[in-house]
Amino acid sequence: MMDLAFFITAFTTLFVVIDPFGTTPIFVAMTQDMDARTRRITAFRTCAVASGILIAFAAFGEAVLGFVGISMEAFKIAGGALLFLTALDMLFERRTKRREDRVEEEEHNDPSVFPLAIPLVAGPGSIATIILLAGQHPGILGIAEAVLVMFAVMAVVLTFFLSGGLIARILGKTGLNVLTRLLGMLLAALSVQFILDGLKAFGFAS
């Protein structure tokens, strides 16, 4: 049975990295001209594609790292640094702006695969996180736990997407900005913990 403390930490980390509060307004903006049925289909397709990508990296990410000679401890340090940069972007409101710029450059009729699933939901941060989470416990157990956590987070993301317009209206721009900064502070602390765990394995921290 999955350790509750691990589930809470893993869920929080992946939730903050994917950042439904920041992604939902972009989803709403990209689907504003769609009817309700098409918007629902787009939401389900986006989450399905993103889930498939993250499952693939949870299952094979560590093997790929081993093939190119990168230890899990080294990846923890690198992944923690990447997540820390993501946290800084959230704190200083650069992340959402960059996402919006990326979306504006695309003129696809169906945005569910790109840019919504890739890279807004399954981006570098969430890919690094799912590999780190799968590496917390060896073998199939670690992969299964990471995938279970990912499905829990993706269920929340889908809920946000399906009720995106209502959430955006309730929170408003100020509310979303406050939540993004709070989540950024939390992610910064979690990313430092990843780095410390990696350093501890190399004997640099106790």
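Residues numbered from 1 in each chain as written. Predicted model: local features only at pLDDT ≥ 70, side-chain atom pairs only at ≥ 80, totals over all residues. Heavy atoms only, no water.

**Focus: the overall build of the protein chain**
Next, step 1: A count of helical and extended segments in the protein chain gives nine helices and zero strands.
Next, step 2: Starting at the N terminus and ending at the C terminus, the protein chain contains elements arranged as α-α-α-α-α-α-α-α-α.
Next, step 3: Considering only contacts in the protein chain between residues 6 or more positions apart, those separated by 24 or more positions represent 84%.
Next, step 4: In the structure as shown, the protein chain presents an accessible area of about 10,400 Å², 68% of it carried by carbon and sulfur atoms. (Helix = DSSP H or I, 4+ residues; strand = E, 2+ residues; numbered from the N terminus. Contact = heavy atoms within 4.5 Å. Areas by Shrake-Rupley, 256 points an atom, 1.4 Å probe, with all protein chains shown as cover.)

**So, the packing of helix α3 (residues 36–67) against helix α7 (residues 124–134)**
Next, step 1: Following both chains from N to C, one finds α3 and α7 inclined at 65°, their axes separated by 8 Å at the closest point. In this structure, α3 crosses over α7, and the sense of that crossing is right-handed. Only Ser-126, Ile-127, Ile-130, Ile-131 and Ala-134 of α7 make contact with α3, whose side of the interface consists of Ile-53, Leu-54, Phe-57, Ala-58, Gly-61, Glu-62 and Leu-65.
Next, step 2: Of the residues belonging to the contact of α3 with α7, the class tally is nine nonpolar, two polar and one charged. (Axes fitted to C-alpha atoms, helices over the stretch in contact; angles between N-to-C directions. Left-handed = near helix turned anticlockwise from the far one by under 90°. Nonpolar A, V, L, I, M, F, W, Y, C, P; charged D, E, K, R; others polar.)

**Looking at a nonpolar patch on the surface**
Next, step 1: The grouping of Phe-67, Val-68 and Ile-70 at the surface amounts to a nonpolar patch, some 340 Å² of accessible area in total.
Next, step 2: Of note, Ile-70 is situated in the loop between α3 and α4 (72–91). (Patch = residues over 30% accessible without salt bridge, like charges linked within 9 Å, V, L, I, M, F, W, Y side chains within 5 Å. Salt bridge = Lys/Arg side-chain N within 4 Å of Asp/Glu carboxyl O.)

**Some details on the packing of aromatic side chains**
Next, step 1: Tallying each qualifying case throughout the model produces five aromatic pairs.
Next, step 2: A ring pair is formed by Phe-7 and Phe-11, whose centres lie 6.0 Å apart and whose planes are at 25°; its orientation type is stacked. Separated by four residues within a single helix, Phe-7 and Phe-11 lie in helix α1 (residues 4–18), roughly one turn from each other.
Next, step 3: On the basis of relative accessibility, which here comes to 27%, the residue Phe-7 falls in the partly exposed class.
Next, step 4: Ring geometry for Phe-21 and Phe-160: centres 5.1 Å apart, planes at 80°, overall edge-to-face. Residue Phe-21 is located in helix α2 (residues 20–30), and its partner Phe-160 is located in helix α8 (residues 139–162); the two are separated by 139 residues in the primary sequence.
Next, step 5: A relative accessible area of 13% places Phe-160 in the buried class.
Next, step 6: Aromatic ring contacts, followed pair by pair, group Phe-7, Phe-11, Phe-15, Phe-21 and Phe-160 into a single cluster. (Phe/Tyr/Trp six-rings, centres within 6.5 Å; stacked < 30°, edge-to-face > 60°. Buried < 20%, exposed > 50% of the residue type's maximum accessible area, 1.4 Å probe, protein only.)

**Description of the side chain of Thr-46**
Next, step 1: Structurally, Thr-46 can be placed in helix α3.
Next, step 2: In terms of polar contacts, Thr-46 uses its side chain to reach the backbone carbonyl oxygen of Ser-112, at 3.3 Å.
Next, step 3: Sequence-distant contacts of Thr-46, defined by excluding residues within four places in its chain, comprise Ser-112, Leu-116, Ala-117, Val-121 and Phe-161. (Polar contact = N/O pair within 3.5 Å; in protein donor to acceptor, adjacent residues only side chain to side chain.)

**A word on unusual backbone geometry**
Next, step 1: For the peptide bond that leads from Phe-114 to Pro-115, omega is 15°, which places it in the cis range.
Next, step 2: Relative to the elements of secondary structure, Pro-115 occurs in helix α6 (residues 112–121).
Next, step 3: We note that Asp-19 has phi near 55°; this positive angle belongs to a residue other than glycine.
Next, step 4: Within the secondary structure, Asp-19 sits in the loop between α1 and α2.
Next, step 5: A residue is classified by how much of its surface remains accessible, and Asp-19, at 0% relative accessible area, is buried.

**So, α4**
Next, step 1: Here α4 is 20 residues long and its end C-alpha atoms lie 28 Å apart, about the 28 Å a rise of 1.5 Å per residue gives.
Next, step 2: Where α4 is concerned, the buried positions are Met-72, Phe-75, Lys-76, Gly-79, Gly-80, Leu-83, Thr-86, Ala-87, Asp-89 and Met-90. (Expected span 1.5 Å × (residues − 1).)

**Considerations on the nonpolar core**
For soluble globular proteins, nonpolar side chains are generally found buried alongside one another.
Next, step 1: Ranked by size, the top nonpolar core spans 50 residues in total, and within it Ile-130 and Met-154 carry the most contacts.
Next, step 2: For this core, the elements supplying multiple residues, two or more each, are α1, α2, α3, α4, α6, α7, α8 and α9 (164–201). (Core = buried A, V, L, I, M, F, W, Y, C linked by side-chain atoms within 4.5 Å.)

**Focus on the environment of Val-28**
Next, step 1: By secondary structure assignment, the location of Val-28 is in helix α2.
Next, step 2: Judged by relative accessible area, which is 26%, Val-28 ranks as partly exposed.
Next, step 3: Contacts of Val-28, omitting those with residues within four sequence positions, involve Gly-164 and Gly-165.

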